[in-house]
Amino acid sequence: MSIILEQLLNGLTIGSFYALIALGYSMVYGVMKLINFAHGDLFALGSYLGYTLLVWSAGAVSQRFGLWGGMAAALLFAFFAVGCVGVLMERVAYRPVQKSGRLPLVVSALGVSIFLENLIMAVWGPRYQAYPASVVPTYTISLGWFHITSMQLFILILSFVLMLILYYVVQKTTFGAAIRATALDKEMATMLGIDVGKITLFIFFLGPALGGMAGVMNGMYYRQISFVMGWNYGLKAFTATILGGIGNIPAAMLGGLLLGLVEMFGAAYISSAWKDVFTFLILILILIFRPTGLIGEKVAEKV
Amino acid sequence: MNKRHKRSQLILGMVIALFLAFPFFSNFYWIDVAFFFGVYALLGLSLNIVLGETGLFDLGHAAFYAIGAYITAILNTLYGIPIVWLIPLSALCAGIFAYIVTSPIIHLRGDYLCIVTIGIGEIVRLALINNPFGLTGGPNGITGIGRPSFGLFAIDTSIRFYFYVWIILAIVILGLVRLQRSRIGRAWNYLREDEIAAEMSGIDVRHFKLLSFVLGAALAGVAGNIYASKLMIVSPDTFTFMESSMLFCIVMLGGLGSIPGSILGAGIITVFPEIFRVVANYRMLFFGGALVLAMIFRPGGLWPRKREIAIPNVRSAEEAEEMIRPVAVDQTRTTAKQSLNGETSSFEKHILVTDKLTMKFGGLVAVKDLDLVVGHGKITSIIGPNGAGKTTVFNVVTGIYKPVSGKVYFEGKDITGFKPHKVASLGIARTFQNIRLFPGLTCVENIMAGLHHRMSSYVFSSIMRTESQILEEKWAIETAMYWLDKTGLAGLSDELAKNLPYGKQKLLELARALSSSPKLLILDEPSSGLNDKETEDLMIFLENLLDEMDLSILLIEHDMNLVMGISHWVVAMDMGIKIAEGRPQDIYNNSRVIEAYLGREE
């Protein structure tokens, strides 16, 4: 029983990373119909920026603000910095290409991805970096047979709060309605007086910002970070986006959590070497039998 | 024309001379770079078939490359089969693999297909790492692969490998150029430009998409074989997503569907990192930035394909007509006779009949229990306010939608639920409410789409340029030119469809539909966007067609002058049901029709 519960917690933790990254994919896809291949690398960039703040300052941040304060500073720093990089990316690499169609946009995104990955390598070096144990809390909370590490609890609470806020903003506010309208039909939204430019700016800030934050959490959780990790997480999170239904924000959250669970239980009860194969098989099967994802809506082409 | 031809031959000759001389004034390092340039050119060309020609987003192409390399490695190291024999076998295995994995996903469009191919690429790579049945050697791969040899002449030096790959490449290019300018290449391009229009012109979408994947994969398999025999080792980390993205970039950098473009793209991808070797750590950084810049400034690629068709000594319209007419009329007559002799002689007067046709979208009933009869050799019009379900009827009849219930009979034959390309090949051609042309193709190529299902040359005959293939191409071009003249578009043969003004685009769409010599022509609002003069010309044109050809016409129209002027029979629809039918003047005065348009008088 306690093993299953542990798997569940591990799955939910990884799932919340996926969910936070998936949100960025989904939102960007919504407004630009672009699979932002650079999104995984923004996640990795966030991881490195958080690391830099905590480690290169020689622990000064943690000493001044305490352990939790240091973590909060790292998360916020990554949030804003990566968000700004996202906005910059849209201005420089996507907006000028957008009018030329979907394919050039895909190549531009691949270009940004290669650029970011190699930028990280050039700045921080090709080797693994590690978040030192001194900057993250390491105690375990035990309730009888139930154990949870403080880091896990922190990650779960923070990501659920973030997702709840986002859910509220997107589903319940006028601004959220404008976002959803833009995702459905950009031209019509423009004609109805929605400032699509502002929405795009917001999306390209928030999506990468959440991804960057997930990067810091991931670094604190696993400790080890590498410049190539963006691709792997990006692809998984992207699978999660499809699993839920692309372009739909609650669906991305659901997809992320679900994928985390599938992976954990797949690794535990089927085979850890083949677990990624299962992930991709699920992806393919979903696209064959339910291309709109679990809670996406069907879009018919007008003839 | 001739002068230009000579000049391009001269340039080609110089390029070949340069390639032949290159290894003799270069060092081994650069000869190896040139070898990999050749391998990537092969890979780029193989992806160009899928992505460039057919427009299928394939971001997992490295999987097919891997299959070729691993088949070569496994069969050579385990059974000692010579490398050269394994070239066709690698191609075959990669092709079969592509057929198996893409069959269930081939219906997916755009981004969805892109994602699935990424998944396939990753699954293949992960499977290779996991060493299934102890065959792939796990993460370390397979070592000790042999060298290719022809009798006693072994390919074992850098220079020999250089010539080996470029000679193979030259043969491949020759084949691809021929394929590109054939019925197959055009069919792929039609799919890329507009899938629905292609399907409605009689192209079997599924078949040609699969063909493109299979041929692309086979060629990638050949590249895998060459790669494995040069390195003598294969390992999974060659066949990553990064590799697939690089191939994607090769095609996009060169220009979609451009053979010289793909080669140029391969050159850039292989030579660029070598030139920037001095700044080792930053070269990929520059490369990423360069990709973005290339897409900003040259989104169409660096060497896009120029579209032109070699027009055989153009004949006058009359001459062409003499050549073409008998074929067209003969075909239709025999089939008409066949159906006459069949048991369904009651359909003799009616080319198209629908029986209680019903179509729903979710809870919305778009068409309900519609009985429609289209007289043979007559013009039948469907009128009705917007949203009456008129276009839905067309889409059901032509197979784009499958009806919820009811039947469609064409020449007495039940065609309910037939795929659009099947419907088209039976002799139904249509135009669309919002013009659907192949925007990036020339006018002649657009019209030739209608001829696709009347032609038969396939991969082998196109690559070998057989006598019958050449004759068929000639026939197709001349027939297309005939319809170009006939619809008043003479002189625009090499113009791209997207450059035509609206009215001419409508005519081109009509020419495409007519070129298939249909028995039933379905027109969706043919006069919309035309001025009065153009509408009148259209009326005369359609009436003349009925006199000249064995043709029946079904049309949707809002222009009452046109409807009342040329229709033999008018059907009025509202809210998915037929509210009246009859001769034009009867419908004109029918109170229910007036009510449907103007509302009830209180």
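It should be emphasised that the depicted structure is a prediction, and the values quoted were computed from it without experimental measurement.

**Regarding the overall build of chain B**
Then step 1. Scanning chain B from terminus to terminus reveals 23 helices and 14 strands.
Then step 2. Counting only C-alpha atoms and orienting by the principal axes, one finds that chain B spans roughly 90 × 55 × 50 Å.
Then step 3. The buried share of chain B, reckoned over its 602 residues, is 55%.
Then step 4. Excluding contacts between residues fewer than 6 apart, the proportion of contacts in chain B whose partners are at least 24 apart in sequence is 75%.
Then step 5. In the structure as shown, chain B presents an accessible area of about 25,500 Å², 60% of it carried by carbon and sulfur atoms.

**Some thoughts on the side chain of Thr270 of chain B**
Then step 1. With respect to the helices and strands, the residue Thr270 of chain B is situated in helix H11 (residues 259–275).
Then step 2. Polar side-chain contacts of Thr270 of chain B include one of 2.7 Å to the backbone oxygen of Ala266 of chain B.

**Some remarks on the sheet that holds strand S13 (residues 569–574) of chain B**
Residue and element names in this part refer to chain B.
Then step 1. The mixed open sheet is built from 6 strands, whose spatial order is S10-S11-S12-S7-S13-S14. Edge positions in the open sheet fall to strand S10 (428–430) and strand S14 (577–582), since each of these has one partner strand only. Ignoring strand direction, the axes of neighbouring strands in this sheet form an average angle of 20°.
Then step 2. Strand direction decides the pairing type here: S13 and S14, joined by 5 bridges, are antiparallel. Along S14, the bridge assignment pairs Val571 with Glu581.
Then step 3. Strands in contact with helix H20 (residues 532–548) are strand S7 (379–383), strand S11 (520–524) and strand S12 (552–556); relative to S12, the strand with the most contacts, it is inclined by about 155°.

**Side note on helix H9 (residues 205–231) of chain B**
Because each turn of an α-helix spans 3.6 residues, side chains separated by three or four positions in sequence point in the same direction.
Residue and element names in this part refer to chain B.
Then step 1. When the terminal C-alpha atoms of H9 are compared, their 39 Å separation across 27 residues agrees well with the 39 Å that a helix rising 1.5 Å per residue should span.
Then step 2. Burial analysis of H9 places 22 of its 27 residues in the buried class, which makes it a mostly covered element.
Then step 3. Immediately downstream of H9, the backbone of Met232 shows phi near 65°, a positive value.

**Considering unusual backbone geometry**
Residues and elements named next belong to chain B.
Then step 1. You will see that Lys356, though not glycine, has its phi angle at about 50°, which is positive.
Then step 2. Looking at the element boundaries, Lys356 is found in strand S5 (residues 350–361).
Then step 3. Notably, Met575 is not glycine yet its phi reads approximately 50°, a positive angle.
Then step 4. In this structure, Met575 sits in the loop between S13 and S14.
Then step 5. With relative accessibility at 66%, the residue Met575 sits in the exposed group.

**Focus on the packing of H11 of chain B against helix H12 (residues 283–297) of chain B**
All names here are of chain B.
Then step 1. At a minimum axis separation of 9 Å, H11 and H12 run at an interaxial angle of 140°. Relative to H12, the element H11 is oriented oblique. At the point where H11 passes H12, the crossing takes the right-handed sense. Here H11 contributes Ile269, Phe272 and Pro273 to the contact with H12, which in turn contributes Arg283, Phe286, Phe287 and Ala290.
Then step 2. Considering only residue class, the contact of H11 with H12 consists of 6 nonpolar, no polar and 1 charged.

**Details of helix H8 (residues 196–222) of chain A**
Residues and elements named next belong to chain A.
Then step 1. Its 27 residues place the ends of H8 38 Å apart at the C-alpha level, agreeing with the 39 Å of an ideal helix rising 1.5 Å per residue.
Then step 2. With 20 of 27 residues buried, H8 lies mostly within the body of the structure.
Then step 3. Sitting at the head of H8, Asp195 places a side-chain oxygen 3.2 Å from the backbone nitrogen of Gly197.

**Re the interface of chain B and chain A**
Then step 1. At the junction of the two partners, chain B supplies 48 residues and chain A supplies 44 residues.
Then step 2. A salt bridge links Asp111 of chain B to Arg102 of chain A, with the shortest nitrogen-to-oxygen separation between them at 2.3 Å.
Then step 3. Where chain B touches chain A, the interface holds 3 residue pairs in polar contact (both at pLDDT 80 or more).
Then step 4. With 12 residues, the single largest contributor to the side of chain B that touches chain A is helix H5 (residues 110–129) of chain B.

**Here's the deal with the domain arrangement of chain B**
How big an interface is tends to be reported as the loss of accessible area on association of its parts.
Residue and element names in this part refer to chain B.
Then step 1. For chain B, the assigned domains read domain 1 (34–240), domain 2 (317–427 + 518–598) and domain 3 (439–516).
Then step 2. Facing 21 residues of domain 1, the contacting portion of domain 3 comprises 21 residues.
Then step 3. At the boundary of domain 1 with domain 3, total buried surface from both sides reaches about 1,900 Å², with 57% on carbon and sulfur atoms.
Then step 4. Our count for the contact surface shared by domain 1 and domain 3 stands at 1 salt bridge.
Then step 5. If you look at where domain 1 meets domain 3, you find 10 residue pairs in polar contact (both at pLDDT 80 or more).
Then step 6. The set of elements that each furnish at least two residues to the side of domain 1 that touches domain 3 consists of helix H6 (158–180), helix H7 (183–193) and H9.
Then step 7. Per-element tally for the side of domain 1 that touches domain 3: the top contributor is H7, with 8 residues.
Then step 8. Of the residues contributing to the side of domain 1 that touches domain 3, the split by class is 9 nonpolar, 6 polar and 6 charged.

What counts and how
- Residues numbered from 1 in each chain as written.
- Chains lettered and ligands numbered in written order.
- Predicted model: local features only at pLDDT ≥ 70, side-chain atom pairs only at ≥ 80, totals over all residues.
- Heavy atoms only, no water.
- Helix = DSSP H or I, 4+ residues; strand = E, 2+ residues; numbered from the N terminus.
- Buried < 20%, exposed > 50% of the residue type's maximum accessible area, 1.4 Å probe, protein only.
- Contact = heavy atoms within 4.5 Å.
- Areas by Shrake-Rupley, 256 points an atom, 1.4 Å probe, with all protein chains shown as cover.
- Polar contact = N/O pair within 3.5 Å; in protein donor to acceptor, adjacent residues only side chain to side chain.
- Pairing = 2+ DSSP bridges.
- Axes fitted to C-alpha atoms, helices over the stretch in contact; angles between N-to-C directions.
- Expected span 1.5 Å × (residues − 1).
- Parallel < 35°, antiparallel > 145°, perpendicular 65-115°, else oblique.
- Left-handed = near helix turned anticlockwise from the far one by under 90°.
- Nonpolar A, V, L, I, M, F, W, Y, C, P; charged D, E, K, R; others polar.
- Salt bridge = Lys/Arg side-chain N within 4 Å of Asp/Glu carboxyl O.
- Domains from an automatic or database assignment.
- Buried area = accessible area lost by both parts, 1.4 Å probe.

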